[in-house]
Amino acid sequence: MEANPDDLLVLLAVSRSAKFTTAAQALGLNHTTVSRRIAALEKTLGGRVLSRAAGAWELTELGAEAVLVAEQVEKAVRSLGKPGQAPDPITGVVRMTATDGFSAYIAAPAVAKLRRKHPGLSVEIVTVTRRALQQRSGLDIEVVVGEPQVHRAEAFKLGEYVLGMYASRAYLSENGTPATVEELTEHPLVYFVDSMLQVDDLDAPRRLVPAMKDGLSSTNVFVHVEATRAGAGIGFLPCFMGDLHQDLVRLLPDAFSERLPYWMVLRPDSMRRPAVAALVQALRDQTVEHREHLLGSS
């Protein structure tokens, strides 16, 4: 018995989202129908195409083979567009995770540029500051800080950025400007919540000035910036964010200039999709274009 092409397309949608509910929404179906189509496909193929892992669905070996066929079905369906007009292959949903700052200042404008040429593309960005995942079902791209240790994935260095110590002019006027590292320890630190920080490369303030006490901590770098501007203390900020604000002053740049790498992690099958490949290139181009800004030398 041959597999139903509709069932294959349902599996393809589930493989990209890792959830029945999300795939159902993308296909205009309900959750029950998606579940029934997957069950029918498994009966036809004589084995499981999906397995449960970490709250999401992952492809089995059989499922991965079926998805290769499903991608060809999808390509054939798209080719049935207007006569003489080639369909745009850069379409559909691409899902990625990245840090708050990278998402706002690199990913968002890169996506905006890409969508002007490819309006059928939709990008979902989840902002997180964490290590790369070992299981990334439903996730096409991860951008993380520091070199990742991953299996069954492709990883490459995307670029670098620099962090420095910043304070508001009003704060310095009221509390004095620290001229040495020792004087810096007399001021409160604005930075990540130490107990919740998952990325070892981001431990610089506690490593370089361990005597500096936390003043305001947050898991969100935009809170760091605004808290520093409001005078909550001295913030350890990405230069590409801190330098945007004229009310902030960079302190002791020779002593505090932490240079960290951005790495991109991809599922091995992700680059087969033109939409993912296009977004990867757009992110690389945007990172290169803003290299000086990221390094705090613009």
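Above: the structure in question.
Going along each chain's sequence as written, the residues are numbered from 1 onward. Residues qualify for local features only when their pLDDT is at least 70, as the model is predicted, and side-chain atom pairs are given and counted only at 80 or more; totals for whole chains, interfaces and linings, by contrast, use all residues. Excluded from the side-chain calculations are hydrogens and water; all other atoms, namely the structure's heavy atoms, are used.

## Quick look at the overall build of the chain
A count of helical and extended segments in the chain gives 12 helices and 11 strands. Across its three principal directions, the C-alpha atoms of the chain cover 80 × 40 × 30 Å. The 298 residues of the chain split such that 46% are buried. Once local pairs closer than 6 in sequence are excluded, the contacts in the chain between residues at least 24 apart make up 75%. Calculation of accessible area relied on Shrake-Rupley with a 1.4 Å probe; when residues are assessed, cover is drawn exclusively from the protein chains displayed. About 14,800 Å² of surface is accessible on the chain, with carbon and sulfur atoms providing 52% of the total. In the chain, the 32 positive side-chain charges and the 35 negative ones have mean positions that sit 7 Å from each other. Strands are runs of DSSP state E lasting at least 2 residues, helices are runs of H or I lasting at least 4, and numbering of each runs from the N terminus. The cut-offs for exposure are 20% and 50% of the maximum accessible area for each residue type, with area from a 1.4 Å probe on protein chains only; residues under the lower value are buried, those over the upper are exposed, and the others partly exposed. In this analysis, two residues are considered to be in contact whenever any of their non-hydrogen atoms come within 4.5 Å of each other. As used throughout, the charge tally considers Lys and Arg to be positive and Asp and Glu to be negative, leaving His and the chain termini uncounted. All charge positions are set by atom: Lys at NZ, Arg at CZ, Asp at CG, Glu at CD.

## What to know about the pattern of salt bridges
One side-chain nitrogen of Lys or Arg within 4 Å of one carboxyl oxygen of Asp or Glu is enough to make a salt bridge. Here the structure, examined in full by the defined rule, presents 15 salt bridges. The salt bridge involving Asp7 is made with Arg37; its shortest N-O contact spans 3.6 Å. Of this pair, Asp7 sits in helix H1 (residues 5–17) while Arg37 sits in helix H3 (residues 31–45), placing them 30 residues apart in sequence. Note that Glu124 and Arg95 form a salt bridge whose closest N and O atoms lie 2.9 Å from each other. Of this pair, Glu124 sits in strand E4 (residues 121–127) while Arg95 sits in strand E3 (residues 92–98); the two residues are 29 residues apart in sequence, bridging distant segments of the chain. Taking the relative accessible area as the measure of exposure, Arg95 reaches 11% and is therefore buried. Beyond isolated ion pairs, a larger network of salt bridges with shared partners links Asp140, Arg267 and Arg273.

## Things to note about unusual backbone geometry
In the Ramachandran plot, Leu252 falls in the positive-phi region, its phi being about 45° despite a non-glycine side chain. With respect to the element layout, Leu252 can be found in the loop between strand E10 (248–251) and strand E11 (258–266).

## Section: the pairing of strand E6 (residues 154–168)
Of all 15 residues that make up E6, 11 are buried, and the element is covered over most of its length. At least two bridges found by DSSP between two strands is the condition for calling them paired. Looking at chain direction, E6 and E11 are connected through nine bridges and run antiparallel. Pairing of Glu160 across the sheet is with Pro261, part of E11. With four bridges joining them, E6 and E10 adopt antiparallel strand pairing.

## Here's the deal with the side chain of His224
Tracing the backbone through its elements, the reader meets His224 in helix H9 (residues 221–229). What makes His224 buried here is its relative accessible area of 0%. Any N or O atom pair separated by 3.5 Å or less is treated as a polar contact, with the protein-specific requirement of one donor-capable and one acceptor-capable atom, and with residues adjacent in sequence counted only for side-chain atom pairs. Separated by 2.8 Å, the side chain of His224 and the backbone oxygen of Ser218 make a polar contact. When residues no more than four places from it in sequence are discounted, the contact partners of His224 are Val190, Tyr191, Phe192, Ser218 and Leu237.

## Comments concerning empty space enclosed by the protein
A cavity here means a set of points on a 1 Å grid, drawn over the protein atoms and nothing else, where a 1.4 Å probe fits but cannot get out; a pocket is an open set with protein on both sides within 12 Å along at least five of seven lines, and a residue lines either one if it has an atom within 4 Å of a point. Grid points are joined across faces, edges and corners, and a volume is the space filled by probe spheres set on the points. Going through the model one piece at a time under the given rule, you end up with two cavities of 30 Å³ or more. If you add up the space inside the largest cavity, you get close to 120 Å³. Lining the largest cavity are 14 residues, with Thr99, Tyr161, Phe192, Val221 and Pro238 sitting closest to its centre. For the lining of the largest cavity, the secondary structure elements donating two or more residues are helix H5 (100–117), E6 and helix H10 (239–242). Residue classes in the lining of the largest cavity are distributed as 10 nonpolar, three polar and one charged. One number sums up the size of the second largest cavity: a volume of about 60 Å³. Lining of the second largest cavity is provided by Leu12, Ser15, Arg16, Leu59, Val67, Glu71, Arg267, Asp269 and Arg273. Where the lining of the second largest cavity is concerned, the elements lending two or more residues are H1 and helix H4 (61–78). Ranked by the residues each element gives to the lining of the second largest cavity, the list is headed by H1, at three residues. Residues are grouped as follows: Ala, Val, Leu, Ile, Met, Phe, Trp, Tyr, Cys and Pro are nonpolar; Asp, Glu, Lys and Arg are charged; every other residue, Gly included, is polar.

## Regarding the packing of aromatic side chains
Between 30 and 60 degrees the pair is tilted, below 30 it is stacked and above 60 it is edge-to-face, where a pair is any two Phe, Tyr or Trp rings, Trp via its six-membered ring, whose centres lie within 6.5 Å. A full pass over the atoms with the stated rule returns eight aromatic pairs. On the numbers, 5.1 Å between centres and 10° between planes, the contact of Phe20 with Trp57 is stacked. On the criterion of sequence distance, the pair formed by Phe20 in helix H2 (residues 20–27) and Trp57 in strand E2 (residues 56–59) is long-range, its members being 37 residues apart. On the basis of an interplanar angle of 70° and a centroid distance of 6.0 Å, the ring pair of Tyr161 and Phe240 is categorised as edge-to-face. Of this pair, Tyr161 sits in strand E6 while Phe240 sits in helix H10; the two residues are 79 residues apart in sequence, bridging distant segments of the chain. Residue Tyr161 is classed as buried on the basis of its relative accessible area of 5%. For Phe240, a relative accessible area of 2% puts it in the buried group. Among the aromatic side chains, those forming a connected cluster through ring pairs are Phe102, Tyr105, Tyr161, Phe222, Phe240 and Tyr262. Its guanidinium or amino end placed over the ring of Phe156, Arg284 lies 4.3 Å from that ring's centre, counting from NZ or CZ. Two conditions define a charge located above a ring, namely a distance within 6 Å from the ring centre to NZ of Lys or CZ of Arg, and an angle within 35 degrees of the ring normal.

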